[in-house]
Amino acid sequence: MSEWIKVCALDDIDAEDVIRFDHGDRTFAVYRSEDDEVYATDGLCTHEQVHLADGLVMDEIIECPKHNGRFDYTTGEAKGAPVCVNLNSYPARVEDGTVFIQL
Amino acid sequence: MASKIPARDYSLIGDTSRRAREQGLVTAQWYQTEIPRKTLKQLMKRRDGPAIRDTLGWFALLAVTGGLVVALWGSWWVVPVLLVYGVFYGSASDSRWHECGHGTAFKTRWLNDWLYQLACFMIMREPTPWRWSHARHHTDTIIVGRDPEIAAPRPTSLAHHILAFFTLPQTWTTLKSVARHSLGQLSVDEADYIPEMEQPRVYRTARVWLLLHGLIIATAVLLQSWLPVMLAGVLPTLYGGWLSYIFGLTQHAGLAENVLDHRQNSRTVRMNPVFRFIYWNMNYHIEHHMYPMVPYHALPQLHQALKHDMPPVYPSTWAAYREIIPALWRQRTDPDYFVRRPVPATGKTPDAAAPAAA
Ligand code: FES
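Every chain is numbered independently, its residues counted from 1 as its sequence is written. Starting at A for chains and at 1 for ligands, labels are handed out in the order in which the entities are written. Selection of residues for local features in this predicted model requires a pLDDT of at least 70, selection of side-chain atom pairs for listing and counting requires 80 or more, and totals for whole chains, interfaces and linings are taken over all residues. Heavy atoms from the whole structure form the basis of all side-chain values; hydrogens and water molecules are not counted.

Trainee: Give a description of the UniProt feature "domain: Rieske" (unreviewed entry) in chain A that names residues and reports values.
Mentor: UniProt positions are given in the numbering used here, feature names are shortened, and annotations may be inferred rather than shown by experiment. Mapped onto the present numbering, the UniProt feature "domain: Rieske" (unreviewed entry) falls at residues 5-101 of chain A. End C-alpha to end C-alpha, residues 5-101 of chain A measures 5 Å, and it is 0% helix and 46% strand. Note on conventions: DSSP H or I runs of at least 4 residues are helices, E runs of at least 2 residues are strands, and numbering of each starts at the N terminus.

Here it is, written out as structure tokens:
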């Protein structure tokens, strides 16, 4: 059954940025948009398994640090070569200044 | 009599490829000089302004020199003007191809994609195969049997380099591959790095290219003049690509193969503003490989942020060549030789076996 997992304080993520969140043996990328919405996707790029948290957040895009592959982090959708496979995305919310994601 | 030095296997599907995998050199963890995330974010920031300015300047230079070619056609004065036009056509397009392929030149995506397509046509590199080959070059930089973009294979073949100065091997390979792709076929190496879902795009573009080259040749025939084929298509790539070859060799030639530290297999070279305009700052090559997200216009600042952990910068293009020429010469007969770069002992070289997603 899916459950809400505590990630960090909202202030731990800069606006328009991303952090890495490891949980069990899985790794996620948790985003804070410019207007303070939070989102979560798989943490590794589907091209060559690089941590997306080292990448660049622009508008609703996360750009992978290795080959600049782009995903829409609000949906996980791959936006073109060299990334062809979508990321899984996960529900995320903020409660009392704390970020949670649902796994 | 000296025995013949056996050629190394640089193909992507041979024994060296298997060995690279066994040695943990494939999709491995590379050394990165640490940089505060805040600084990096600042440097990675995309802007349209610098690339729009540089692109308009580039187009203006092409228009002026191209116009002079037309005006002076038939006189000997056209020769030096053609040489300048050729450099802007066949060499400056290399760096535009490169930077737009990374998607970092402009903030606006369609501008990157549009200039990428144009530059690809000018430099005679098919857009989709080269996007994938360049991704591989960044994953497995100068790893033998993995990197499809090794410009100075060992042992050195002088004939190869003389031909490459005129962009001949690459152009010939492209002409063959465009013909092959227009028939809906890939080579075995290409099939190794171009995913299936991208393949129809390869075939489509090859057919459009055939049409465009056909139109350029048809115009020349119709006008009964060489002028159209001297201004666009294959010929300006051949007579104008030499400067991109000169720049390109400084990137990795003569340095180590099969290492996981760009400071040991890449060069950062100080260049004059004209070269840096044509080359779009790719002279900061170690920095580019370490942080490919940083746009060309921010590479000088990235260099400042990382230089405490870099080997000494080559003070000029000529200084780099004073190392490259003897190294390549020696690699004719001693393919195991390479130039060892003095790397600061500030960090540790990564464990060859560590996976990228540790
Ligand atoms: S690893 Fe992410 S785009 Fe290649």
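Trainee: Account for the UniProt feature "transmembrane region" (unreviewed entry) in chain B, with residues named and values stated.
Mentor: Under the UniProt annotation, the feature "transmembrane region" (unreviewed entry) is placed at residues 58-88, 208-227 and 239-260 of chain B. Note that residues 208-227 of chain B is 85% helix and 0% strand, and that its end C-alpha atoms are spaced 22 Å apart.

Trainee: Tell me about the pairing of strand β10 (residues 92-95) of chain A, and please be specific about residues and values.
Mentor: Residues and elements named next belong to chain A. Between any two strands, at least two bridges found by DSSP are needed for them to pair. Where β10 and strand β11 (residues 98-102) come together, four bridges link them in antiparallel fashion. Looking across to β11, one finds that glutamate 95 is bridged to threonine 98. Taking the residues between adjacent antiparallel strands as the criterion, β10 and β11 are bridged by two residues, where aspartate 96 takes a positive phi near 50°.

Trainee: Tell me about the pattern of salt bridges, residues and numbers included.
Mentor: Just to be clear on terms, a salt bridge is a Lys or Arg side-chain nitrogen sitting within 4 Å of an Asp or Glu carboxyl oxygen. Using the criterion set out here, one finds 24 salt bridges over all chains in the structure. Among the ionic pairs, aspartate 17 of chain A bridges to lysine 41 of chain B, the shortest N-O distance being 3.2 Å. With aspartate 17 of chain A in strand β2 (residues 17-23) and lysine 41 of chain B in helix α2 (residues 37-44), this residue pair bridges two chains. Classification of residues uses two cut-offs on accessible area relative to the type maximum, computed with a 1.4 Å probe and protein chains only: under 20% is buried, over 50% is exposed, and between them is partly exposed. Aspartate 17 of chain A gets classed as buried once you look at its relative accessible area, which sits at 5%. Here lysine 41 of chain B falls in the buried class, since its relative accessible area comes to 17%. Residues arginine 8 of chain B and aspartate 336 of chain B are paired through a salt bridge, measuring 2.5 Å at the closest nitrogen-oxygen approach. Of this pair, arginine 8 of chain B sits in the segment before α1 (15-22) while aspartate 336 of chain B sits in the segment after α18 (317-331), placing them 328 residues apart in sequence. Look at arginine 8 of chain B and you get partly exposed, because its relative accessible area is 27%.

Trainee: Which residues make up a negative patch on the surface, and what values go with them?
Mentor: All names here are of chain A. Nonpolar side chains (Val, Leu, Ile, Met, Phe, Trp, Tyr) within 5 Å and like charges within 9 Å form the patches, drawn only from residues with over 30% relative accessible area and no salt bridge. Note on areas: Shrake-Rupley, 1.4 Å probe, and residue coverage restricted to the protein chains presented here. Asp and Glu are treated as the negative residues and Lys and Arg as the positive ones, with His and the ends of the chain left uncounted. Charge positions come from single atoms, namely NZ of Lys, CZ of Arg, CG of Asp or CD of Glu. Residues Glu34, Asp35, Glu37, Asp59 and Glu60 make up a contiguous surface patch of negative charge. Along the chain, the position of glutamate 34 falls in the loop between β3 (26-32) and β4 (38-42). For glutamate 34, a relative accessible area of 59% gives the class exposed.

Trainee: Could you give an account of the sheet that holds strand β8 (residues 77-78) of chain A, naming the residues involved and the relevant values?
Mentor: All names here are of chain A. Here we have four strands laid out as an open sheet, ordered β5-β6-β7-β8, and antiparallel in their pairing. Single-partner strands in this sheet number two, and they are β5 (56-58) and β8. As paired elements, β5 and strand β6 (residues 61-63) share three bridges and run antiparallel to each other. Within β6, the position partnered with leucine 56 by the bridge is glutamate 63.

Trainee: A description of the packing of aromatic side chains should follow, citing residues and the corresponding values.
Mentor: Stacked, tilted and edge-to-face are the three classes assigned to paired rings of Phe, Tyr and Trp, where Trp is represented by its six-membered ring and a pair needs centres within 6.5 Å; plane angles under 30 degrees give stacked, over 60 edge-to-face, the rest tilted. Within the structure shown, the criterion is met by 15 aromatic pairs over all chains. Between phenylalanine 165 of chain B and phenylalanine 166 of chain B the ring centres are 5.1 Å apart and the planes differ by 85°, which places this aromatic pair in the edge-to-face class. Taking relative accessible area as the criterion, phenylalanine 166 of chain B reaches 42% and is therefore assigned partly exposed. Through a chain of ring-to-ring contacts, the aromatic side chains of Phe165, Phe166, Trp242 and Tyr245 of chain B assemble into a single cluster. Counting as a charge over the ring demands two things of the Lys NZ or Arg CZ atom: a distance within 6 Å of the ring centre and an angle within 35 degrees of the ring normal. Directly above the ring of phenylalanine 100 of chain A sits arginine 93 of chain A, whose terminal nitrogen or CZ lies 5.5 Å from the centroid. Over the aromatic face of tyrosine 116 of chain B sits the side chain of arginine 131 of chain B, whose NZ or CZ is 4.4 Å from the ring centroid.

Trainee: I'd love a proper account of α18 of chain B, names of residues and values included.
Mentor: The end-to-end C-alpha distance of α18 of chain B, which contains 15 residues, comes to 20 Å, matching closely the 21 Å that a straight helix rising 1.5 Å per residue would cover. Inspection of α18 of chain B places Thr317, Ala319, Ala320, Tyr321, Glu323, Ile324, Ala327, Leu328 and Gln331 of chain B among the buried residues, and these make up the whole buried set. Multiply 1.5 Å by the residue count of a helix minus one, and that product is the helix's expected span.

Trainee: Describe the UniProt feature "domain: Fatty acid desaturase" (unreviewed entry) in chain B, and please don't skip the residues or the numbers.
Mentor: UniProt tags residues 75-318 of chain B as "domain: Fatty acid desaturase" (unreviewed entry). The span residues 75-318 of chain B is 64% helix and 0% strand, and its two end C-alpha atoms sit 34 Å from each other.

Trainee: Please set out the side chain of glutamate 190 of chain B residue by residue, giving values where relevant.
Mentor: Residue and element names in this part refer to chain B. Following the sequence through the fold, glutamate 190 ends up in helix α9 (residues 188-193). For glutamate 190, the side chain forms a polar contact with the side chain of arginine 180, separated by 3.1 Å. Only 2.9 Å separates the side chain of glutamate 190 from the side chain of histidine 181, close enough to count as a polar contact. Throughout, a residue-residue contact means that at least one pair of heavy atoms, one from each residue, lies within 4.5 Å. If sequence neighbours within four positions are ignored, glutamate 190 has contacts with Ser177, Arg180 and His181. Definition of a polar contact: a pair of N or O atoms within 3.5 Å, with one able to donate and the other able to accept a hydrogen when the atoms are protein atoms, and with sequence-neighbouring residues admitted only if both atoms are side-chain atoms.

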